[in-house]
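Report on the structure
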Amino acid sequence: MHAERFKTILYAFADALELLTMTPVGLALLAGIIGSAFVLSVWNGVRERSLACEAAGKKLGIGEGTFVMFRELAAILGKIFTAGPVLLAVALGGVAVLGVADSLRKFDEIEADRKRIKELSAVVRNLDRRYRIAELRALARKDGRTKLSLAFYGGGSEEVARTQELEIAGTDIFLDAIVCNFDYSEIETGKRINLALPYRVFSDEVAQDSGIALELFDAKGVPYAYRRPSGEIYGIGPEDYDRRLEELSVIMEDNDASRQNGLVRSLYGSAVHRIMKPGDTFTVWVEQTGGLVIKDPRGF
Amino acid sequence: MDGKSSRGLIALLVVFFTVAAILLGVTVVASFQKAEIRELEATVRRLGAESVPMRFVIEERSPDSMSVLVKFYDTAGGEVGQLEAKLPGRELSVDVLIVPYRGAYVAFPYRIFSDSIAPKDGTALPRAYGKGGFPATVPLPTSEKAKAEITSLFNAVASGGPLPVEAFGNAVHEIGKLAAFETGMVYRVVVRPKGGVEIVED
């Protein structure tokens, strides 16, 4: 509290000094004051001499008046020169006060910027995140059919929640998922993460309708991909898991309300796909900037 | 000047230079911070950027088919092509190929299909926005080399030729009652800088 009061007084003093010495108006004001002092001093000297002449019954001549004026000027300059160290000390003191005030202001600015950097770093970190959703591996191909192994991850976990094997006609394999992208404000602040729930596999030769449904829910009706892991892993605690599940079920039940509340930016199906030959693997991620992608885990 | 005054002046000079050094230091630190903030703000803007290569509207729907109008746009938002199609089925899918290129991603609207037809039987889109072999939805590069490279990628997309191994497709679509496209409502296909594709009501 005292420090704040001290800063207020110091800033006020520094502002006044700055005004006087660093702004055209202030400099004009200062020049006016100094000039007036000069004029007054010279005028006073000349007037005194004039009065003395009057008392002696004579008139002050132009030449003598000019001499007196220059003598007064020289006297003032002499005084300034004599008071040089004091004036220098005053000037240095003034500059030091300005410097201290500016330094304190910069410290305040540094503290505010430090907070801003922390906030922006968190925003970038939250937006730059991606979560692994599934991994597909082509095991074999025979008679135009591709045998696949699928592993599902959920809720930001790096642990496989479930695996499944299936076989489908075609080579361009589509992994279909429900994707929910939250509003950027929700993602930036880390309140929510974009969600993706894989539910079907189809291919270039097999229509979505005829695709293979994934074993989506466990016996309790919880999506496998979002089944709560045991204990806390990778910073995702049970409460966060429950919250995400709750969010997903609320959005799926009342999509319109979620959109109207500005909570959800987009909710749609997204089937990422790639041509696969035996031995090929691809990993599907949900980007926090929005949407699903296929990327090599080392490719970031 | 006596010894006392000299000492006072020297002390004042020490204070002066100390303050000057501190001010200089904090100014440098604040300047670095400002640069870091500018960089972070640019990153946030880049991450939140979007491009809209196409919009579509379902003009008519019957229980087993739909009529779709698709329009394509350049990066300035100007219309560069359109296509109308009638598809069997109830749920529309818009397939976009995402091709990595020079550290970023180029999106090529590829085809539209529905839930009841295999993707390979869908309606191809590239011819509707190709202008002289170049995809009009992609900003025209200044270098001839880049232009030739994108043209080559576009030709591969249009003809089903080989693409870079990291390329992938993303068929974004409606989902029954959960997220159905309303008839007459315009939707935009949004491509994110990290390769994600979204469908957003226009």
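What counts as what
- Residues numbered from 1 in each chain as written.
- Chains lettered and ligands numbered in written order.
- Predicted model: local features only at pLDDT ≥ 70, side-chain atom pairs only at ≥ 80, totals over all residues.
- Helix = DSSP H or I, 4+ residues; strand = E, 2+ residues; numbered from the N terminus.
- Buried ≥ 20, exposed ≤ 12 C-beta atoms within 10 Å, placed from the backbone.
- Contact = placed C-beta atoms within 7 Å.
- Pairing = 2+ DSSP bridges.
- Axes fitted to C-alpha atoms, helices over the stretch in contact; angles between N-to-C directions.
- Domains from an automatic or database assignment.
- Nonpolar A, V, L, I, M, F, W, Y, C, P; charged D, E, K, R; others polar.
- Expected span 1.5 Å × (residues − 1).
- Arc of directions from axis to C-beta.
- pLDDT = per-residue confidence, 0-100.

**Describing the overall build of chain A**
- Across its full length, chain A carries 7 helices and 9 strands.
- Taken over 300 residues, chain A has a buried fraction of 28%.
- Restricting to contacts in chain A with at least 6 residues of sequence separation, those with at least 24 account for 59%.

**Description of the sheet that holds strand E1 (residues 130-142) of chain A**
All names here are of chain A.
- The sheet built from 5 strands is open, its strands ordered E3-E2-E1-E8-E9 with antiparallel pairing. With partners counted over all chains shown, the strands left at the sheet margins are strand E3 (162-169) and strand E9 (292-294), one partner each. Along the sheet, successive strands turn relative to each other by an average axial angle of 25 degrees, direction set aside.
- Pairing of strand E2 (residues 145-152) with E3, which is carried by 8 bridges, proceeds in the antiparallel orientation. Paired with Leu150 across the bridge in E3 is Gln164.

**Regarding the domain arrangement of chain B**
- Looking at chain B, the domain boundaries give domain 1 (1-47) and domain 2 (51-201).
- Centre-to-centre separation of domain 1 of chain B and domain 2 of chain B, based on C-alpha positions: 55 Å.

**Digging into the interface of chain A and chain B**
- Each partner contributes to the interface: chain A provides 54 residues, whereas chain B provides 53 residues.
- Where the side of chain A that touches chain B is concerned, the elements lending two or more residues are helix H4 (84-128), strand E4 (172-182), strand E7 (264-275) and E9 of chain A.
- Here the side of chain A that touches chain B gets 23 residues from one element, more than from any other, and that element is H4(A).
- Looking at side-chain class alone, the side of chain A that touches chain B contains 26 nonpolar, 15 polar and 13 charged residues.
- Here E7(A) runs beside strand E9 (residues 168-173) of chain B; their pairing, made up of 5 bridges, is antiparallel. Residue Val272(A) lies in a different strand from E9(B), and its bridge partner there is Asn170(B).

**Description of helix H3 (residues 144-159) of chain B**
Residue and element names in this part refer to chain B.
- The end-to-end C-alpha separation of H3 is 22 Å, in line with the 22 Å expected for 16 residues at 1.5 Å each.
- Residues of H3 that are buried include every one of Ile150, Leu153, Phe154 and Val157, and no others. Angular distribution of buried residues about the axis of H3 spans 100 degrees; they occupy a single face of the element. Set apart from the buried face of H3 by more than 90 degrees, the exposed residues are Glu144, Lys145, Ser152 and Ser159.
- Buried residues belonging to H3 abut strand E4 (92-101), strand E5 (104-114), helix H2 (126-129), strand E7 (130-131) and strand E8 (134-135).
- Directly beyond the C-terminal end of H3, a positive phi value near 75 degrees is found at Gly160.

**Remarks on the confidence of the model for chain B**
- For chain B, the average pLDDT comes to 91, and 98% of its residues sit at 70 or higher.
- Interface confidence for the predicted complex, expressed as ipTM, amounts to 0.88; the pTM equals 0.76.

**Overview of the environment of Asp209(A)**
- Within the fold, Asp209(A) resides in the loop between strand E5 (195-203) and strand E6 (212-213).
- Ignoring any residue separated from it by four or fewer positions in sequence, one finds Asp209(A) in contact with Asp115(B) and Ser116(B).

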